[in-house]
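Observations on chain architecture
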Amino acid sequence: MTCRNNKIGKKGIHQGRFGFVFSLIFFVLSFTRCNNTPNKIEVERADDTLESILKYYDAEYNHLFNETYPYQETNKVTYLADTDTLQGKRVAYLWPTSGIFSGVNALLKSIKDQKYVEILDEVIVPGLENYYDEERVPASYQSYIIQAGPSDRFYDDNIWLALDFLEAYQLTSKGEYLQRSLQLWEFVLSGWDENLGGGIYWCEQKRKTKNTCSNAPASVLALKLFEATGDSSYFKWGKSIYTWTRENLQDPEDQLYFDNISLAGRVDERKYTYNSGQMLQASVLLYRLTEEEVYLVDAQKIAKSAISQFTEEFETPEGEKIQLFKNTGNWFNVILFRGYVELYEIDGDRQYIEIFRDNLNHVWNHVRNSKGLF
């Protein structure tokens, strides 16, 4: 999932480009660790959404997916490779494709149904291999299918996948998933240098900015790798990346996070939900691992400010008043929610979880079409 400032505007996302990944928001969010037993209705909604995605976005070869439904030949993406066709038909880019991985993991984690393991093994992972570039070292996933030639490789795209592979390993105990996560970590680290005192670039081919979206989730990944392996080097990296991001990209006024800093030191002060969400999650992970109160305080400040910044009062057609997320990109909100789930496990405060539930219910009731897509 690459930063929108350099790729595609918020308007383009909201109008339906990358439509199928946003259909995933329901089943990514419906299943949380906030309940011991998954809600039956949410299970059914999530599974129905997955079935619709697999049915309507299937490109019908190489386990690939189309970018949109209905398929639109003229719906051109404004970034990445010059050559973006295969067999005469354009398919989805890495970023939205990887979102399906997250969603299937969420379903598997929640209800432990073997069919989701089969979807991972037989559809999702084989499809992602179409993007895997072993020619450039370290190996990683490029932004578009390798059959179309070399394309940009984004550090944040590969971090999201490394997190997904790590979770898939934890859910299935399949060592090859852990190995892929560790291998992608090597690519992520290759994006760190001492310009600006540290930090990871956004794109391997465009080393002009260091972004929250490539550093905050890298901290989360490192800390989760430490939990999974016990190797203290991952903890050190997780803390170092967290500290660099906090020192260079946090707004001291509201504790939320700016988008990026250029090599000239200019800060892009736009704020997106997923940037603050990943620093929220990293803060909670550091608190859990160190029991140092400062990290929990940071997390709770971010949690409060993010709701204030990114939602507004809204009355549903049923007359219910909720805090509705503004036009900030639903996939970004999914990533924000990961931080709130992590925080809930520490402080048990359900108020934020219920805000997301209200949003999901509204989306389900009012933003779905007859095919079950959003």
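Conventions used here
Residues numbered from 1 in each chain as written. Predicted model: local features only at pLDDT ≥ 70, side-chain atom pairs only at ≥ 80, totals over all residues. Heavy atoms only, no water. Helix = DSSP H or I, 4+ residues; strand = E, 2+ residues; numbered from the N terminus. Buried < 20%, exposed > 50% of the residue type's maximum accessible area, 1.4 Å probe, protein only. Contact = heavy atoms within 4.5 Å. Areas by Shrake-Rupley, 256 points an atom, 1.4 Å probe, with all protein chains shown as cover. Phe/Tyr/Trp six-rings, centres within 6.5 Å; stacked < 30°, edge-to-face > 60°. Pairing = 2+ DSSP bridges. Axes fitted to C-alpha atoms, helices over the stretch in contact; angles between N-to-C directions. Parallel < 35°, antiparallel > 145°, perpendicular 65-115°, else oblique. Left-handed = near helix turned anticlockwise from the far one by under 90°. Expected span 1.5 Å × (residues − 1). Core = buried A, V, L, I, M, F, W, Y, C linked by side-chain atoms within 4.5 Å.

1. Concerning the overall build of the protein chain
Scanning the protein chain from terminus to terminus reveals 14 helices and eight strands. The buried share among the 374 residues of the protein chain stands at 60%. Taking the contacts inside the protein chain whose residues are at least 6 apart along the sequence as the reference set, 64% of them involve residues at least 24 apart. Total accessible area computed for the protein chain in this model is approximately 15000 Å², and 45% of it derives from carbon and sulfur atoms.

2. Description of the packing of aromatic side chains
Within this structure, the stated rule accounts for 21 aromatic pairs. Here the aromatic rings of Phe337 and Phe356 are separated by 4.5 Å at their centres, their planes lie at 55°, and the arrangement is tilted. Separated by 19 residues along the polypeptide, Phe337 in helix 13 (residues 330–347) and Phe356 in helix 14 (residues 351–366) bring together distant segments of the chain. The two residues Phe337 and Phe356 agree in class, both being buried.

3. Considerations on the pairing of strand 8 (residues 321–325)
Taken together, the five bridges between strand 7 (residues 311–315) and strand 8 define a ladder with antiparallel strand orientation. Across the sheet, residue Glu312 finds its bridge partner in strand 8, namely Leu324.

4. Structural notes on the sheet that holds strand 5 (residues 260–262)
Paired through backbone hydrogen bonds, the strands of a sheet run either parallel or antiparallel to each other. Strand order in the open sheet formed by four strands is 3-4-5-6, with antiparallel pairing between adjacent strands. Two strands lie at the open edges of the sheet, namely strand 3 (201–203) and strand 6 (267–268), each paired on one side alone. Examined bridge by bridge, strand 5 and strand 6 share two bridges and lie antiparallel to one another. Paired with Ile261 across the strands is Val267, a residue of strand 6. Across the sheet, helix 9 (residues 212–229) is in contact with strand 3 and strand 4 (206–211); its angle to strand 4 comes to roughly 60°.

5. Here we look at the packing of helix 9 against helix 11 (residues 273–290)
Packing of helix 9 against helix 11 brings their axes to within 9 Å, and their N-to-C directions diverge by 25°. Accordingly, the angle class assigned to the pair helix 9 and helix 11 is roughly parallel. Here helix 9 and helix 11 pass one another in a crossing that is left-handed. Note on element contacts: helix 11 touches helix 9 through Tyr274, Asn275, Gln278, Met279, Gln281, Ala282, Leu285, Leu286, Arg288 and Leu289, opposite Thr212, Cys213, Ala216, Pro217, Ser219, Val220, Leu223, Lys224, Phe226 and Glu227.

6. With respect to helix 14
In an α-helix, one turn spans 3.6 residues, which is why side chains three or four residues apart end up on the same side. End to end, helix 14 covers 23 Å across 16 residues, agreeing with the expected 22 Å (1.5 Å per residue, within 8%). Restricting attention to buried positions, one finds in helix 14 the residues Tyr352, Ile353, Ile355, Phe356, Asn359, Leu360, His362, Val363 and Trp364.

7. What to know about the nonpolar core
Within the largest apolar cluster, 106 residues are counted, with the highest numbers of intra-cluster contacts made by Phe101, Tyr141, Trp185 and Tyr340. Setting aside residues no more than four positions away along its own chain, Tyr340 makes contact with Leu280, Ile302, Ala303, Ala306, Ile307, Tyr352, Ile353 and Phe356.

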